[in-house]
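# Descriptive structure summary
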Amino acid sequence: MKKAVHVLEDDIDIGELIVFLLTEQGYDVAVFSNIASFKQHAGQQSPDLLIIDVMLPDGNGLDICEAWKTDEATSQIPILLMSAYDDYRHDHRAEKANGFISKPFDIKTFLGEVKLRLG
Amino acid sequence: MKKVYSEVDNVVFRDLFFASPIASYICNVEGFVTVVNDAAIALWGREPEIGKEKWSGAFAISSVDGRPMPLEKSPMARAVIGQEGVSGEEIVIQRSDGTQRIVLVFPKPIHTAAGACIGVCTTLVDITHYKQYEERQAALSEIVQSSDDAIISKKLDGTILSWNAGAERIFGYSEHEIIGKSIYTLIPTYLRSEEETIIREIREGRKVDHYQTIRVTKSGKEIPISLTISPMRNKQGQIIGASKIARDISDKIQREQTIQFHAQKLETLHAIGKVISEKLDTHSIIQTVIDSTTHLASADVGLCFYRISDDQGHTSLSVAVAAHGNNNEYYNLHLDEGIIHAIFAGEDVVKFDDVCEAAHVLSLFDTKEGAKAPRIRHCLAIPIRSGDKLLIGAMFFGYAQSDVFKTADEDMMRSIALLVAVTLDNARLLEEVNALNLKKNEFIALASHELKTPLTTIKGYLQILERSEIDQVGRRFLTKALKQLERINALIAELLDISKIEAGKLSFHFERFDMSEMVLDVVETFHFSSQTHTIFVNNVRGDYTVVADRQRMEQVIINLITNAIKYSPDANNVYVTLESSVHEVSVQVKDEGMGMSRDQQEKVFTRFYQVEGTSKMTGLGLGLYLSKEIIERHGGHIGVNSELGKGSTFYFSIPRGQ
């Protein structure tokens, strides 16, 4: 069974790039461009990995990360944070994330991080 | 009835004449000197030729007004010729040694028993000393009378004996009013014991010198005076009273107070200027200003209302209060701008002689219930206007007593109001600059984020292309494109860092790591990317554990190695050397490039510095500036040793940390 990766990313091109890279690696990928649509879908299927961009049009990805990591039902799901603004790495809401990827990223590093979290 | 003298009597008379200490001589009826005694010779200073000189044995004679006196007009001649009684006339005799004597002349005509005049017997009484004493007394009396100082004499019981014109001028009493009265008339009741002390000193025969005290004039005014009192003695040397010289020192005291006041003014202005130039916090500046100005104005309470803007650009009215004994909390301090505008409808300083008649002014000094604050009766109000004449605040000084109120220096207050206006203007400008700077930094943060988003996709596309089958030319340009992309990324990062430094927001995240491992990791990435240079690392064995911001340290080392490669285009080697001590870890990066002059070395760590003559060298000139900031924020030191044409060695050291 394919591992499911959910991506919360508002930039369509970055979203497309990630879908391309992860599909190529045999993952099942779903991209959400805002928090609202992500939450709508959230109850339906739990992903094996969640990749969240921090600056989103309708909120902050760090809050989603914190909420998932605090909720027992989702706390075990690995989360990778991603931002062009490197200082978010040190935000307290990012503490429980499983990794932080600075944009622009190196695709080898990016895939390495994903593989590491999915085992 | 005529007395008949015996022969013995005549001998006695003759001896008496010759031995007498009173100068006497006899002239015959023609005037020729016939007999002189020793005293006369002594008085003239010469011995006249008997029977040859006429009327006098003196060298010459003159009247007391100085005119020469012909001998025929002398009292002696007149006594014989005119038979006048001229006894006791004053004449001046010139002595042979040039000196003068003032004498009283007593010529007595000599008559025979039949009554015929046969000559004159003259007696001369020397009154020179007496005349001189008289003159001196007159001169002293003139000095006393014309003195500006009060010169008074009194008995030991305090009864005033003499009183000069100066005393009349200073104390207001005329001589006839005060003579015979007690000296206590001039002494304020609360200083009575002082006079007793002075009299005790005088009785002991001691003088009291320049004693500063207060005396009361006829009109009841108290004046400051300086007293010099000396004991007065009679001929037997007993102390019978005191002479007293009193100088009115009101002017001197006034001058001293004026000088002190001006000195205080200067000191306050200086202090205010200092505060304004040293402090940036407007509230504390205004508080200091109102504190010192209230003190200077001798006011019981000072208020300073002022308009100030916050970093959001909103303005609000504030107030600082300075009250006696720091009882600032006694005041209610209503912030009502309407009142201030109403008071200064005109332009300038406003004085309220009675605040009870100006309820709106009185309300400014409203105190809390039970507060032991003085009741304000008078108020001095000074507007604070900005450079463009807008009313931006006001100072109010409240007084409980009116006499102090009147002496308040309005000009001084105006100057201080100007200083306050400058402070407020500066504060407003600073806030504006800060707000703009904040916007600029926010913009740079946003811009860098927006720029990095397309870079992310471009980098992804290029790396995907790199994996695919492409020809050599394609691969070559692809590699170049990726390098250019890294450069843009680095430039954006530098800009963001600079804006963070400016905003004071460059934060560090300390962790424990091994500096040598990190250096080796960084050098390895250069081995992949640099085709031109080989980087040698020395001395990696040892303890290089530090507590520092790993990413920032990496940034510094990458910057130093990148520079070493960039500025040694004709060389092949770069040497990195590590060193450690108990407290420090240091890294040196040595190149064999063009090197730098002393002048360049001094400037190389400044912002936007580009080495001259290296136009092909690109970048913003921020790398070393950032490195310096990072190292110094770690409590370390960064520097360079270089020689033109022989390469440069950049080095830094940081403390190991916790």
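Note that the coordinates shown come from a computational prediction; the quantities given were computed from them, not determined experimentally. (Residues numbered from 1 in each chain as written. Chains lettered and ligands numbered in written order. Predicted model: local features only at pLDDT ≥ 70, side-chain atom pairs only at ≥ 80, totals over all residues. Heavy atoms only, no water.)

## As for the overall build of chain A
Within chain A, the secondary structure is distributed over four helices and seven strands. Going from the N terminus to the C terminus, chain A shows its helices and strands as β-α-β-α-β-β-β-α-β-β-α. Against the 2.2 N^0.38 benchmark of 14 Å for 119 residues, chain A shows a C-alpha radius of gyration of 13 Å, consistent with a compact globule. Its C-alpha atoms give chain A principal-axis dimensions of about 30 × 30 × 25 Å. Restricting to contacts in chain A with at least 6 residues of sequence separation, those with at least 24 account for 61%. Considering chain A, the positive charge centre built from 11 side chains and the negative charge centre built from 20 side chains are found 6 Å apart. (Helix = DSSP H or I, 4+ residues; strand = E, 2+ residues; numbered from the N terminus. Rg over C-alpha atoms; globule rule 2.2 N^0.38 Å. Contact = heavy atoms within 4.5 Å. Lys, Arg positive; Asp, Glu negative; His and termini not counted. Charge placed at Lys NZ, Arg CZ, Asp CG, Glu CD.)

## Some thoughts on a nonpolar patch on the surface
The grouping of B:Tyr5, B:Val8, B:Val12, B:Phe13 and B:Leu16 at the surface amounts to a nonpolar patch, some 500 Å² of accessible area in total. A relative accessible area of 39% means that B:Phe13 is categorised as partly exposed. (Patch = residues over 30% accessible without salt bridge, like charges linked within 9 Å, V, L, I, M, F, W, Y side chains within 5 Å. Areas by Shrake-Rupley, 256 points an atom, 1.4 Å probe, with all protein chains shown as cover. Salt bridge = Lys/Arg side-chain N within 4 Å of Asp/Glu carboxyl O. Buried < 20%, exposed > 50% of the residue type's maximum accessible area, 1.4 Å probe, protein only.)

## So, the state of the cysteines
Enumeration over the complete set of coordinates arrives at zero disulfides over all chains. No disulfide involves B:Cys117; its nearest neighbouring cysteine sulfur is the one of B:Cys27, lying 11 Å away. (Disulfide = S-S within 2.5 Å.)

## Quick word on helix H16 (residues 550–566) of chain B
All names here are of chain B. Over its 17 residues, H16 extends 24 Å from the first C-alpha to the last, a length consistent with the 24 Å expected when each residue adds 1.5 Å. Buried within H16 we find Arg552, Met553, Val556, Ile557, Asn559, Leu560, Ile561, Asn563, Ala564 and Ile565. Measuring from the backbone nitrogen of Gln551 back to the side-chain oxygen at the start of H16 gives 3.1 Å, which picks out Asp549 as the cap. (Expected span 1.5 Å × (residues − 1). Polar contact = N/O pair within 3.5 Å; in protein donor to acceptor, adjacent residues only side chain to side chain.)

## So, the packing of aromatic side chains
For any pair of aromatic rings, the description consists of the separation of the ring centres together with the inter-plane angle of the planes. This structure, assessed with the given rule, holds 11 aromatic pairs over all chains. With a centroid separation of 5.5 Å and 65° between ring planes, the pair formed by A:Tyr85 and A:Tyr88 is classed as edge-to-face. We note that A:Tyr85, like A:Tyr88, is buried. Measuring from centroid to centroid gives 6.3 Å for B:Phe508 and B:Phe510, while their planes differ by 45°, and the two rings are tilted. Relative accessible area serves as the criterion here: at 14%, B:Phe508 is assigned to the buried category. It is B:Arg192 that lies over the ring of B:Tyr184; its NZ or CZ is 4.3 Å from the centre. Cation over ring: B:Lys628 sits above B:Phe605, and NZ or CZ is 5.9 Å from the ring centre. (Phe/Tyr/Trp six-rings, centres within 6.5 Å; stacked < 30°, edge-to-face > 60°. Lys NZ or Arg CZ within 6 Å of the ring centre and 35° of its normal.)

## With respect to the sheet that holds strand E6 (residues 79–83) of chain A
Residues and elements named next belong to chain A. In spatial order, the strands read E2-E1-E3-E6-E7; together these five strands make up an open sheet with parallel pairing. Each end of this open sheet is capped by a strand with a single partner; those strands are strand E2 (28–32) and strand E7 (99–102). For this sheet the average axis-to-axis angle between neighbouring strands, irrespective of direction, equals 20°. As paired strands, E6 and E7 are joined by four bridges and run parallel to one another. Note on E7: the bridge partner recorded for Ser83 is Ser102. Running at roughly 140° to strand E3 (residues 49–53), helix H4 (residues 107–118) makes contact with strand E1 (4–8), E3, E6 and E7 of the sheet. (Pairing = 2+ DSSP bridges. Axes fitted to C-alpha atoms, helices over the stretch in contact; angles between N-to-C directions.)

## Considerations on the interface of chain A and chain B
Facing 21 residues of chain A, the contacting portion of chain B comprises 18 residues. Regarding the contact of chain A and chain B, the summed buried area is about 1,900 Å², with carbon and sulfur atoms giving 62% of it. Summed over the three residues of chain A that lose the most area to chain B, namely A:Tyr85, A:Pro104 and A:Ile107, the buried surface amounts to 29% of that side. For the pair chain A and chain B, the interface holds two salt bridges. A:Glu24 is the salt-bridge partner of B:Arg467, the closest N and O atoms lying 2.9 Å from each other. Our count for the chain A to chain B interface comes out at seven residue pairs in polar contact (both at pLDDT 80 or more). It is helix H1 (residues 12–24) of chain A that provides the largest number of residues to the side of chain A that touches chain B, a total of seven residues. Within the side of chain A that touches chain B, the residues separate by chemical class into 10 nonpolar, two polar and nine charged. (Buried area = accessible area lost by both parts, 1.4 Å probe. Nonpolar A, V, L, I, M, F, W, Y, C, P; charged D, E, K, R; others polar.)

## Re the UniProt feature "domain: PAC" (unreviewed entry) in chain B
Residue and element names in this part refer to chain B. As annotated by UniProt and renumbered to match this structure, "domain: PAC" (unreviewed entry) occupies residues 87–139 and 207–261. With 23% helix and 53% strand, the stretch residues 87–139 has end C-alpha atoms that lie 29 Å from each other. Along residues 207–261, the helical share is 22% and the strand share 56%, with 34 Å between the first and last C-alpha atoms. (UniProt positions renumbered as here; feature names shortened; annotations may be inferred.)

## A look at the UniProt feature "modified residue: 4-aspartylphosphate" (unreviewed entry) in chain A
All names here are of chain A. UniProt records the feature "modified residue: 4-aspartylphosphate" (unreviewed entry) for Asp53 in the present numbering. For Asp53, the location among the structural elements is in strand E3. Under the relative-accessibility criterion, Asp53 is labelled buried at 2%. For Asp53, the contacting residues outside a window of four places in its chain are Leu8, Glu9, Asp10, Gly61, Met82, Ser83 and Lys103.

## A short note on the pairing of strand E7 (residues 150–155) of chain B
Residues and elements named next belong to chain B. Here E7 runs beside strand E11 (residues 239–248); their pairing, made up of six bridges, is antiparallel. Within E11, the position partnered with Ala150 by the bridge is Ala246. In this sheet, strand E8 (residues 160–163) lies alongside E7 in antiparallel orientation, the contact comprising three bridges. Each bridged residue has a counterpart across the sheet, and for Ile152 the counterpart in E8 is Trp163. A loop of four residues connects E7 with E8, the two strands running antiparallel in sequence, and Gly158 in this loop sits at a positive phi of about 100°.

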